[in-house]
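Chain and residue survey
So the chains spell out like this:
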Amino acid sequence: MSSYVPGFELPLRLLLAFRLLIDELHTELGKQGHPDLRPMHGFVMQAIGPHGTTAVELGRTLGVSKQAAGKTIETLERIGYVERTTDPQDTRRKIVRLTPYGMDALDRSARIFDTLRTRWAAELGEARLRELESDLRRMTPGNPWRLDMPGWFGNL
């Protein structure tokens, strides 16, 4: 029996693992009162952060146009996750901030991810999972929130 594993399998397995975790997260978020959130919304809300941002800054962080960022902001505003306010230091600037509902979604996401990690640890063993996480940290950029990859996310 050959031990050859084709090179394309690694990225596919990583993508499948990512998709499995994200799908499980969103199923649980839906049960916990956040049925309208989509995977891209989580990235956008993380990029907005606890202090808020502008559409231009958000677009830069995500590597998309101001218009694409604005469209996603409109969607998140319509479903109650963000609000636009005037910057107190510069009334010409509009700041996008997470609403309490948006913060609740991020808090619940963090707890759900912890639960999912616990399940993976039970299946793989805590030591093996820590090794996997360590290996992935070694092979990927240091900042896991580095979202400034133009074109990676395409149209939001």
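The structure we're discussing is the one just above.
In short, a report on the structure.

In the sheet, strand β1 (residues 82–87) pairs with strand β2 (residues 90–98) via six bridges, with the strands oriented antiparallel. Residue Thr86 lies in a different strand from β2, and its bridge partner there is Lys94. In this structure, the hairpin formed by β1 and β2 is closed by a connection of two residues.

Per the stated rule, a full pass over the model turns up two aromatic pairs. The interplanar angle of 25 degrees and the centroid separation of 4.5 Å between the aromatic rings of Tyr81 and Tyr101 together place this pair among those described as stacked. One end of the pair, Tyr81, is in the loop between α4 (66–78) and β1; the other, Tyr101, is in helix α5 (residues 100–124), and 20 residues separate them in sequence.

Moving on, we come to the packing of helix α3 (residues 55–62) against α4. Running from N to C, α3 and α4 point in directions that differ by 110 degrees, and their axes come no closer than 8 Å. In terms of their interaxial angle, α3 and α4 are classed as roughly perpendicular. In this structure, α3 uses Ala55, Val56, Leu58 and Gly59 to contact α4, whose residues at the interface are Lys66, Ala69 and Ile73. In terms of residue class, the contact of α3 with α4 is made up of five nonpolar, one polar and one charged.

Right, let's get into the nonpolar core. Grouped together as the largest cluster of nonpolar side chains are 23 residues, with contacts concentrated most on Leu37, Met45, Ile48, Leu58, Leu76 and Val82. Mapped onto this core, the elements with two or more residues apiece are α1 (9–31), α2 (39–48), α3, α4, β2 and α5. Sequence-distant contacts of Ile48, defined by excluding residues within four places in its chain, comprise Thr53, Leu58, Val82, Val96, Arg97 and Leu98.

Another point: the pattern of salt bridges. This structure, assessed with the given rule, holds twelve salt bridges. Asp23 is the partner of Arg19 in a salt bridge, and the nearest nitrogen-oxygen pair spans 2.9 Å. Note that Arg19 and Asp23 are positioned in helix α1 at a spacing of four residues, about one turn of the helix. When its relative accessible area of 52% is taken as the criterion, Arg19 is described as exposed. Of the charged contacts in the structure, one is a salt bridge between Glu131 and Arg128, with a shortest N-O distance of 3.3 Å. Taken as a pair, Glu131 and Arg128 lie in helix α6 (residues 126–139) at a separation of three residues, close to a single helical turn. Its relative accessible area of 37% is what places Arg128 among the partly exposed residues. Salt bridges linked by common partners bring Arg117, Glu126, Arg130 and Glu133 together as one network.

Moving on, we come to the environment of Ile73. Of note, Ile73 is situated in helix α4. Accessibility expressed as a relative area gives 1% for Ile73, which makes it buried. In this structure, the C-alpha to C-alpha distance between Ile73 and Leu10, residues 63 residues apart in sequence, is 34 Å.

What follows concerns a nonpolar patch on the surface. A cluster of nonpolar side chains, contributed by Leu10, Leu14 and Leu136, occupies part of the molecular surface with about 260 Å² of accessible area. On the secondary structure map, Leu14 appears in helix α1. Taking relative accessible area as the criterion, Leu14 reaches 40% and is therefore assigned partly exposed.

So, on to the packing of α1 against α5. Relative to each other, α1 and α5 sit at 125 degrees, their axes nearing to 10 Å. In terms of axis orientation, α1 runs oblique to α5. Note on packing geometry: the crossing formed by α1 with α5 is right-handed. Residue-level inspection shows Ala17, Leu20, Leu21, Ile22, Glu24, Leu25, Glu28 and Leu29 of α1 in contact with α5, the latter providing Ala105, Arg108, Ser109, Ile112, Phe113, Leu116, Arg119 and Trp120.

Reading the values: rules and limits
- Residues numbered from 1 in each chain as written.
- Predicted model: local features only at pLDDT ≥ 70, side-chain atom pairs only at ≥ 80, totals over all residues.
- Heavy atoms only, no water.
- Pairing = 2+ DSSP bridges.
- Helix = DSSP H or I, 4+ residues; strand = E, 2+ residues; numbered from the N terminus.
- Phe/Tyr/Trp six-rings, centres within 6.5 Å; stacked < 30°, edge-to-face > 60°.
- Axes fitted to C-alpha atoms, helices over the stretch in contact; angles between N-to-C directions.
- Parallel < 35°, antiparallel > 145°, perpendicular 65-115°, else oblique.
- Contact = heavy atoms within 4.5 Å.
- Nonpolar A, V, L, I, M, F, W, Y, C, P; charged D, E, K, R; others polar.
- Core = buried A, V, L, I, M, F, W, Y, C linked by side-chain atoms within 4.5 Å.
- Buried < 20%, exposed > 50% of the residue type's maximum accessible area, 1.4 Å probe, protein only.
- Salt bridge = Lys/Arg side-chain N within 4 Å of Asp/Glu carboxyl O.
- Patch = residues over 30% accessible without salt bridge, like charges linked within 9 Å, V, L, I, M, F, W, Y side chains within 5 Å.
- Areas by Shrake-Rupley, 256 points an atom, 1.4 Å probe, with all protein chains shown as cover.
- Left-handed = near helix turned anticlockwise from the far one by under 90°.

Purely geometric stuff here, so don't read any function into it on its own.
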